[in-house]
Amino acid sequence: MSTPTKVVIDLDIPGPTINRHLYGHFAEHLGRCIYGGFWVGEDSDIPNEGGIRLDVVEALRALDIPNLRWPGGCFADDYHWRDGIGPREQRPSMVNSHWGDVVEDNSFGTHEFMALCELLGADAYVSGNVGSGTVQEMSEWVEYLTRAGDSPMVALRRQNGREEPWKVPFWGLGNETWGCGGHMRAEAYADLARQYATYCRDHGDHKLYRIAAGAADDDLAWTEALMKAIGGLGCRLSAKTRFQAVSFHYYTHAGDAIARTPATEFSAEQWYGTLQKGLDIDRVIRGHSAVMDAYDPERQIGLVCDEWGTWWSVEEGTNPGFLYQQNTVRDALVASTHLDIFHRHAERLVMANIAQTVNVLQAMLLTDPDTGALVLTPSYHVFEMNKRHQSARRLPVHVLDGPRHESEEHSLELLSVSASTKDGTALVSLSNLSLDTSQEVALDLRGLGFACDRARVLTADEPQAHNSAEQPDRVRPEALDVRVEGSTLRVTLPPHSFATCELTLS
Ligand code: AHR
């Protein structure tokens, strides 16, 4: 047991609003995310609505997921949307060359995705094809989806059974255009982004929020090229600014990115190495924000992290191109600490999408289309426990002399905390990154009175613990005992744990 760490939280000094879209998700045509995950088809024995698996929808609705990014990823720049509309039996097939080299029959397309968003109550974030598509193709997709009244694309949509336009708030201009999306140079892509964005029109009063494909990790030069393309250093942003946000991607892994390690087997140093790598996204966001501040001091352009999460070697016996991995307490803490960091950058960071929702990388859900099993992962529980941070106002948090892990290889803080307030309530999230030591925390809650309505903790007997069809609840939230002493809330965090305290303020 460590000596108590004091954490001061000012309940009466609300800061910026935490954009609910920081809790966004991502679904690519990759492995069993769409097919065998969201989509089982209308003829399946698994209860579905129009082919969409209903228990998956129900589980995700409990997370209040704000937006869903689709169809990729790398797949987006191979995808031709017209192949995915009309009668399914007439849709052409294609090879999904990025992911497993399998044949994609396009049975899940535009209408199916929009139906999924409607079932989830989530906003659509569509990633258009810059790498192998055309400006006309993307322009017509926007028209097909969002235009009311009469037009050639509206007529086509009507022919396919949909009268009303949909709302598609978010539009991606390609994906990883420095890599799978075309291996472009930054300046060349920046010009293309302007061009594509120009023809992704606002139809009527439907407004698109256009997101330029951004950097890998801390490639700040990429962000700078995009910011230059929008305006110019010291100039007000052009009224003709064509994209409203720039993105970046950041994945967490232990050790070499190519020779990835298993999700469920790791040493103590790999545990700390992973968490340190995850925490480093704070430096990366600060870097991109500083570049953006120089060009856009008024923060009109949003920063979007539209792919993040852990990336391990695939589960034994599964297709290496399907990126199917397990999810342990370690993944949960990567998620909780990322979310803390996202809250801290709420002034600039407007959206984030964990990769990917079902059966791929750091998934919320693991499914088996043959047995019908559905497993909630530890990462799922973090999103559920944290959901009240969405659209809440961040509260100032000061951790005073928190514990650290110091070794030859790694150096990191072991306590991560964030807090927010909304509608007379507050939510405090705490992560104990110590592998083997519990932490006593004294939360000094200043400025307002409080009652703690509920405290929960997510942990397990060992950090490698994970959920499976055989043991679906090995890692799940349990009630946590807390003690109130005046304005101090005392909490004991078990080793490798995540906890939330839900407060009513007075
Ligand atoms: O999420 C898996 C892949 O990772 C995405 O398709 C790509 O954008 C990234 O490299």
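Model, not experiment: these values are computed from the prediction.

Enquirer: Teacher, can you tell me more about the overall build of the protein here?
Expert: A tally of regular secondary structure across the protein gives 10 helices and 27 strands. By the compact-globule yardstick of 23 Å for 506 residues, the protein fits well, its C-alpha radius of gyration being 23 Å. Overall size of the protein, expressed as C-alpha extent along the three principal axes, is 70 × 60 × 45 Å. Out of the 506 residues in the protein, the part that is buried amounts to 59%. Of all intrachain contacts in the protein linking residues separated by at least 6 positions in sequence, the fraction that spans at least 24 positions is 77%. Carbon and sulfur atoms provide 48% of the accessible area of the protein, an area that totals close to 19,100 Å². In the protein, which carries 44 positive and 71 negative side-chain charges, the distance between the mean positions of the two groups comes to 8 Å.

Enquirer: Help me understand the side chain of T500, please; the structure alone is not making it clear to me.
Expert: In this structure, T500 sits in strand β27 (residues 497–505). In this structure T500 comes out as buried when scored by relative accessible area, which is 0%.

Enquirer: I would appreciate a short explanation of the site of the ligand in the present structure.
Expert: Around the ligand there are 14 residues in total, and E28, C74, E176, Y251 and E307 lie nearest to it. Notes on the ligand: free accessible area 280 Å², of which the protein chains cover 94%.

Enquirer: Would you mind showing me how to read the sheet that holds strand β12 (residues 302–310) here?
Expert: Hydrogen bonds between backbone atoms are what pair the strands of a sheet, whose relative direction is either parallel or antiparallel. The sheet built from 8 strands closes into a barrel, its strands ordered β2-β5-β8-β9-β10-β11-β12-β13 with parallel pairing. Sheet twist, expressed as the mean angle between neighbouring strand axes with direction ignored, is 30°. In the sheet, strand β2 (residues 24–26) pairs with strand β13 (residues 349–355) via 3 bridges, with the strands oriented parallel. From the neighbouring strand, F26 faces β13, where its bridge partner is A355. Running at roughly 170° to strand β9 (residues 170–173), helix α3 (residues 135–146) makes contact with β5 (67–70), β8 (123–128) and β9 of the sheet. Against the sheet, helix α6 (residues 220–230) contacts β10 (209–216) and β11 (245–252), and its axis sits at roughly 150° relative to β10.

Enquirer: Sorry if this is basic, but what is going on with the packing of aromatic side chains here?
Expert: Describing an aromatic ring pair means giving the distance of the ring centres and the angle of the ring planes. Under the definition given, this model contains 18 aromatic pairs. Consider the rings of W39 and F108, whose centres lie 5.7 Å apart with planes at 75°: the pair is edge-to-face. In this pair, W39 is assigned in the loop between β2 and β3 (48–49) and F108 in the loop between β7 (102–104) and α2 (110–120), connecting sequence segments 69 residues apart. Taken individually, W39 and F108 each receive the classification buried, so the pair is uniform in this respect. Judged by centre distance (5.9 Å) and plane angle (90°), the ring pair of F170 and Y209 falls under edge-to-face. With F170 in strand β9 and Y209 in strand β10, this pair connects stretches of sequence that are 39 residues apart. Note on F170: relative accessible area 10%, which makes it buried. Here the aromatic residues W39, W70, F75, Y79, W81, F108, F113, W141, Y144 and W171 are joined through ring pairs into a cluster of three or more.

Enquirer: Even after reading the chapter, I still don't get the nonpolar core, so can you show me in this structure?
Expert: As a rule of thumb, nonpolar side chains are buried together in soluble globular proteins. Counting residues in hydrophobic clusters, the biggest one holds 118 residues, and the most contacted among them are F38, W171, L173, Y189 and F248. At 8 residues, the largest contribution of residues to this core is made by helix α9 (residues 329–344). Per-domain counts for this core show at least three residues from each of domain 1 (5–11 + 395–505) and domain 2 (20–391). Membership of the second largest hydrophobic core comes to 24 residues, among which are L415, L480, L503 and L505.

Enquirer: So what exactly am I meant to see when it comes to the packing of α3 against helix α4 (residues 152–159) here?
Expert: The packing of two helices is summarised by the inter-axis angle and the distance between the axes. It is at 8 Å that the axes of α3 and α4 come closest, and there the two elements cross at 55°. As judged from the angle between their axes, α3 and α4 are oblique. For the pair α3 and α4, the crossing hand works out as right-handed. Side by side, α3 and α4 meet where E140, E143, Y144, L145 and T146 of the first sit next to P152, M153, V154, L156 and R157 of the second. Looking at side-chain class alone, the contact of α3 with α4 contains 6 nonpolar, 1 polar and 3 charged residues.

Enquirer: Can you walk me through helix α7 (residues 268–279) in this structure?
Expert: The periodicity of an α-helix, 3.6 residues per turn, causes residues three or four positions apart to be oriented the same way. With 12 residues, α7 extends 17 Å from end C-alpha to end C-alpha; this agrees with the ideal 16 Å at 1.5 Å per step. Every buried residue of α7 is accounted for by W271, Y272, G273, T274, L275 and G278. Contacts made by the buried residues of α7 are with β11, α8 (281–295), α9, β18 (404–406) and β19 (411–413).

Enquirer: I tried to follow the sheet that holds strand β22 (residues 439–446) on my own but got confused; where do I start?
Expert: If you trace the 5 strands from one edge of the open sheet to the other, you get β17-β1-β22-β26-β25, paired in mixed fashion. Edge positions in the open sheet fall to β17 (397–400) and β25 (482–485), since each of these has one partner strand only. Neighbour-to-neighbour, the strand axes of this sheet turn through a mean angle of 20°, independent of strand direction. One ladder, built from 6 bridges, connects strand β1 (residues 5–10) with β22; its direction is parallel. Bridged to K6 within β22 is A442.

What counts and what doesn't
- Residues numbered from 1 in each chain as written.
- Predicted model: local features only at pLDDT ≥ 70, side-chain atom pairs only at ≥ 80, totals over all residues.
- Heavy atoms only, no water.
- Helix = DSSP H or I, 4+ residues; strand = E, 2+ residues; numbered from the N terminus.
- Rg over C-alpha atoms; globule rule 2.2 N^0.38 Å.
- Buried < 20%, exposed > 50% of the residue type's maximum accessible area, 1.4 Å probe, protein only.
- Contact = heavy atoms within 4.5 Å.
- Areas by Shrake-Rupley, 256 points an atom, 1.4 Å probe, with all protein chains shown as cover.
- Lys, Arg positive; Asp, Glu negative; His and termini not counted.
- Charge placed at Lys NZ, Arg CZ, Asp CG, Glu CD.
- Near = heavy atom within 4 Å.
- Pairing = 2+ DSSP bridges.
- Axes fitted to C-alpha atoms, helices over the stretch in contact; angles between N-to-C directions.
- Phe/Tyr/Trp six-rings, centres within 6.5 Å; stacked < 30°, edge-to-face > 60°.
- Core = buried A, V, L, I, M, F, W, Y, C linked by side-chain atoms within 4.5 Å.
- Domains from an automatic or database assignment.
- Parallel < 35°, antiparallel > 145°, perpendicular 65-115°, else oblique.
- Left-handed = near helix turned anticlockwise from the far one by under 90°.
- Nonpolar A, V, L, I, M, F, W, Y, C, P; charged D, E, K, R; others polar.
- Expected span 1.5 Å × (residues − 1).

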